[in-house]
Amino acid sequence: MTELTDPAAARRYAVQVARHRGWVVNPDSGLTDTILEGLVTQNTRFGKPFCPCRDIDGTEADRDVVCPCRYAAADIAECGQCYCGLFLSVEKDPETVRSIPERRP
Amino acid sequence: MFDSIAFHPVAGTEDRRHIRLLALSTCGFCRRGQEFLEKHHIAYEYVHLDTLDPEVKAAAKQEFKDKFGVGLSYPALVIDDTEQTVGYVKRFWEDLLRLPHEDEVSPGESRD
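We now turn to the structure provided with this report. In this text, all values refer to a predicted model and were calculated from it rather than measured experimentally. Per chain, the residues get numbers from 1 upward, laid out in the order the sequence is written. Each chain gets a letter, beginning with A, and each ligand a number, beginning with 1, in the order they are written. Local features are withheld for residues below a pLDDT of 70 in this predicted model, meaning they are given only at 70 or higher, and side-chain atom pairs are given and counted only at 80 or more; totals for whole chains, interfaces and linings count all residues.

1. Regarding the overall build of chain A
Move 1: Only DSSP runs of H or I reaching four residues or more are called helices, and only runs of E reaching two or more are called strands; each is numbered from the N terminus. The helix and strand tally for chain A stands at three helices and two strands.
Move 2: Helices and strands appear in chain A in the N-to-C order α-β-α-α-β.
Move 3: Taken over C-alpha atoms, the radius of gyration comes to 13 Å for chain A, in line with the 13 Å a tight globule of 105 residues would show.
Move 4: Along the three orthogonal principal directions, the C-alpha set of chain A runs to about 35 × 30 × 25 Å.
Move 5: Around each residue's C-beta, the other C-beta atoms within 10 Å are counted; 20 or more make the residue buried, 12 or fewer make it exposed, and counts in between make it partly exposed. All C-beta atoms are placed from the backbone. Counting every position in chain A, which comprises 105 residues, the buried fraction comes to 43%.
Move 6: What counts as a contact is two residues whose backbone-derived C-beta atoms lie within 7 Å of each other. Counting contacts in chain A only where the partners sit at least 6 residues apart, residues at least 24 apart contribute 47% of the total. All radius of gyration figures rest on C-alpha atoms, and the globule criterion is 2.2 Å times the number of residues raised to 0.38.

Take a look at the structure:
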């Protein structure tokens with residue numbers, strides 16, 4: 001299990017992912033705090049930090065949406081943000097973050 | 001619609017239409033949508049589908065798809081059981097709820 005036991009740990013995880021992938025964590029804490037809490041909840045429920053904006057069962061079939069999800073890179077390249085809005089491109093204006101179309105089949 | 005779901009009511013002064021929010025408890029855009037409705041004093045009902053029994057949830061997803069011809073994603077706003085929008089895009093919500101547009105810059109739009 002990824003040790004995301006509280007929002008602070010989830011934030012450290014997100015920062016680490018963003019740094020590694022050349023993204024930034026959305027600085028809009030009004031949105032990001034809910035997402036980070038959601039990641040902790042998903043991790044507690046299912047043992048993995050599944051995307052908190054997707055309806056999942058936590059089975060092997062949902063492996064593609066463990067954060068960062070398999071679609072994040074394409075979404076960030078195209079829309080400047082991932083599906084849930086946690087990760088942004090460096091250029092993305094956080095004020096323009098909103099729901100984007102689901103890329104997951 | 002959704003007769004097997006116990007929705008949570010939220011009071012508001014604007015209650016001429018029947019507004020339902022289908023949401024996930026973990027989702028940032030769902031929370032933002034709730035804040036939008038409350039900012040505009042709109043009475044609504046919500047449910048967090050991730051907290052439902054899996055069979056009830058599956059039935060609700062199927063009912064939504066059968067009714068509107070699109071898959072359920074979150075948040076979904078359903079008005080009078082006849083109109084819907086999925087995802088939180090403020091401008092779409094303003095249109096559906098017949099509210100004036102606040103200043104908003106959409107992706108790809110210029111601020112000028």
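2. So, the interface of chain B and chain A
Move 1: Facing 18 residues of chain B, the contacting portion of chain A comprises 18 residues.
Move 2: Here the residues of the side of chain B that touches chain A are counted per class, giving nine nonpolar, five polar and four charged. Residues are grouped as follows: nonpolar covers Ala, Val, Leu, Ile, Met, Phe, Trp, Tyr, Cys and Pro; charged covers Asp, Glu, Lys and Arg; every other residue, Gly included, is treated as polar.

3. Overview of the environment of A:E102
Move 1: When you line up the elements, A:E102 lands in the segment after β2 (87-88).
Move 2: As a C-alpha pair, A:E102 and A:R54 span 48 residues in sequence and 9.5 Å in three-dimensional space.
Move 3: With residues near it in sequence (within four places) discarded, A:E102 still touches A:Y83 and B:S73.

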